[in-house]
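The primary structure of each chain is shown beneath.
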Amino acid sequence: MTVDSLISFNREDFTNPDFISQDFIAKRKHLPVQQLTLDLNTFTKILSSELVELINNDYRDFISLSRNLIGVDTIISDLKTPLLKLNSKYFQVENELQASIDHLQEKLNDRLQLRQKKQILITYIRVNESIEKVEHLFDCLGECLVTIKEDPVTFIQYVKRVERVAIEYSQLDYLLAKGKSEPFISNQIWKAEKIKSELTVNLVNLIQVVYTEVSSSPINEDANQTLLQLLRIFVSLDTVSEATKTFEETILTPFFESQLPNEDNLDGLFEPILAFVRSRCMKIYEISTIAFKGIENNLLVDSIWTPIIQFISNEFKFIFNVVNPTVFHQSFKSSSKFISHFEKLCFTKDVLVKLRSNILYKEYNRRWQLSVYFQLKHNEFIAKFEEILSLDCDVEHPKKLGMYLDQSISLIETIESLWSDDVFLFPLGHRFWKSTLLLINRYISWINHLLPTDQEEKVEDSTPDPNLDLILALSVDTTKIISTFQNTIAAKLNLIDRSVSSPTALSPLSPISNISNGGVSMLDLMIQIQGILGSTLNLLPAIKLTHFIVDSLVQQCSQPFKNIANIPAQYRKTNKEVPKTASYFISSIFQPLKDFLDLRPLDDQIKSQWKGMVLDQISQKYSSQVIKTLQQVKTIEESLKRFSKKKKKVESNISDEDKIRTVFALDCKEFGVQVYVVFY
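The structure presented is a predicted model; accordingly, all values stated were derived computationally and were not measured.

*Asks:* Describe the packing of aromatic side chains, with residues and values.
*Replies:* To describe a pair of aromatic rings, you give the distance between the ring centres and the angle between the ring planes. A complete count under the given rule lists 27 aromatic pairs for this structure. With a centroid separation of 5.8 Å and an interplanar angle of 55 degrees, the aromatic rings of F19 and F24 are classed as tilted. Aromatic side chains Y364 and W368 sit 6.0 Å apart centroid to centroid with 85 degrees between the ring planes, which places their arrangement in the edge-to-face category. Cluster of aromatic residues (ring-pair linked, three or more members): F255, F256, F276, F311, F316 and F318.

*Asks:* Go over the pattern of salt bridges, please, and point to the residues and values.
*Replies:* Applying the stated criterion to the full structure yields six salt bridges. Linking R366 and E363 is a salt bridge whose minimum nitrogen-to-oxygen distance equals 3.0 Å. Within this pair, R366 and its partner E363 are both found in helix α15 (residues 359-366), separated by three residues, close to a single helical turn. Here R442 makes a salt bridge to E386, at a shortest N to O gap of 2.7 Å. With R442 in helix α18 (residues 429-450) and E386 in helix α16 (residues 370-389), this residue pair connects regions lying 56 residues apart in the sequence. On the accessibility criterion, E386 (28% relative accessible area) is partly exposed. One salt-bridge network, in which partners are shared between bridges, spans K377, E380 and K384.

*Asks:* Tell me what's going on with the side chain of T629, and back it up with residues and numbers.
*Replies:* The topology assignment puts T629 in helix α24 (residues 604-643). By relative accessible area, T629 is classed as buried at 3%. If we skip the residues at most four places from it in the chain, T629 touches I564, A565, P568 and F664.

*Asks:* Can you explain the nonpolar core? Please cite residues and give values.
*Replies:* Counting 147 residues, the largest nonpolar core has F338 and F342 as the members making the most contacts within it. The contact partners of F342, leaving out residues within four places of it in the chain, are L274, L300, I304, W305, I308 and L355.

*Asks:* I'd like to hear about the packing of helix α12 (residues 299-315) against helix α13 (residues 325-343), residue by residue, with values.
*Replies:* Between α12 and α13, whose axes approach to 13 Å, the crossing angle comes to 170 degrees. Taken together, the axes of α12 and α13 lie roughly antiparallel to each other. Listed contacts from α13 to L300, I304, W305, I308 and I312 of α12 are F338, I339 and F342. Split by residue class, the contact of α12 with α13 holds eight nonpolar, no polar and no charged.

Calculation notes
Residues numbered from 1 in each chain as written. Predicted model: local features only at pLDDT ≥ 70, side-chain atom pairs only at ≥ 80, totals over all residues. Heavy atoms only, no water. Phe/Tyr/Trp six-rings, centres within 6.5 Å; stacked < 30°, edge-to-face > 60°. Salt bridge = Lys/Arg side-chain N within 4 Å of Asp/Glu carboxyl O. Helix = DSSP H or I, 4+ residues; strand = E, 2+ residues; numbered from the N terminus. Buried < 20%, exposed > 50% of the residue type's maximum accessible area, 1.4 Å probe, protein only. Contact = heavy atoms within 4.5 Å. Core = buried A, V, L, I, M, F, W, Y, C linked by side-chain atoms within 4.5 Å. Axes fitted to C-alpha atoms, helices over the stretch in contact; angles between N-to-C directions. Parallel < 35°, antiparallel > 145°, perpendicular 65-115°, else oblique. Nonpolar A, V, L, I, M, F, W, Y, C, P; charged D, E, K, R; others polar.

From the geometry alone we can't say anything about function, so treat these as descriptive.
Quick look at the structure:
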């Protein structure tokens, strides 16, 4: 008997090490509770029977098991006694070793404290010795009574002695920082601060002299080396701010107070500033980049740009006033030119990034109300353009640029003004571009308003269309507008492309990404912009206007076609002679076309194009009308033959129907002659 044959689970389900009763029951939710209980009880009975059978089979082994355990407790007792003794000795040794370790650690701690006290004492002695040494050197230093220009050797030796004092002070500062937690050492800090203050004053006096000499004579190598030495001393003393402040007071402040011209013309203001920076400050900046290597300070950004831009912002506030757009435009262009030239003074890209990240740089650029300026110019040009659009159309003769309508000329002039050097600003390029598209769309809507809504509703008569001259003018103007725009805007965009792509002509308001290799290339941007311009210009209804003119001419030229239907009546039952000439109206078919083209100065290419389009439609209409009339003649002829009882045939005479066909043959020949006259 096996378990598998009686119940719904296996023995291995219980022998699994990961057996969990909840999971076992959950997996058998499909079984009724009575069935699962019955299977478990059956399995329990099978296990009990197997256990009984196991005991019966191995009964002797079970009985001998108890006999084998006799005397085991005595053996265990004999082993327990020596083990307890060994354990006692182990704890005794451990306690003795721990006591020795504690005693040794106490001695080591005492020695460490002695060493620390000794070190503190040594530090205190060194601090006192260092203070005495620095004070002695400083007392012996005295005052420098000569300038580097008068006696360079003496001056340089004096600077070296100052450098020695600075080195000793650096050692003193290190010792004080090392033992500042000790009261008797921290009490000496005031002496070190006093020494540092006096040393800084001495250094400021020295560097003032050297700044002046290097600024006035950049080729003086002794002065250049001395300046580098002094700046490094300032760096070692962590007093770079004093060096930069002294530079501003010594070099820039006198220039602002006395040498800078007091002019409202910004070009007359910015040019002397740039010339002064290039000639009097750049050598000092070059030396400072070597001395300040590894620190955040930058003389060009912190001590040259900052005071200059503060001076301009405070003394010339009127340049930000946008009430007069013309003055504002000139001020902004002069300012942008100045910033662009100033950015070229940056030796590396990192310096340029630091300059553009400067708070005053951003604040200065934010003060320009460019959006207000654009709105004023935009409203001004839009108002003028709308005023011209409201006028009546004068199409008597061509005017400027070979165009007829003042409205078309105004559109060209307005957009050229928007993109002119006196109005356009590069940071507002996207706004001017939007205005250009708005003006073009406004012109397109104006044209669509002028055009008739339905050409087919026109009264069919031979009088010229009164709107034809206007449509002709619009067609000529829109063609010229497309070519003019593409040339004007493309030339301006190419100029912008060259100015942006040039590495030495970075826009002062352009983003930092413009000086990196990332982003969309200017060539791709140019292609996209010109594509948008082309798509917008294609909305101009030049083709629609051409079709309107052609349709009007076709309508006028096709007026004689109403006489074609009267030709059969002229020869049926009238006994007229066989016609020998074409109908009178054939020679006048193309007369409206000839009059229209002869009276208007148009390009030969446009004339040929319109002639071809008119001929195609006139030929189709004429042939359609002739075929229709001949079919009617044939139908009437067959009817007459069918209903007449008897018809005498006169061989010497031609039938009326043949006369009619002869007329049409002569007319077609004359039509071809007229086509040749018109086109050749």
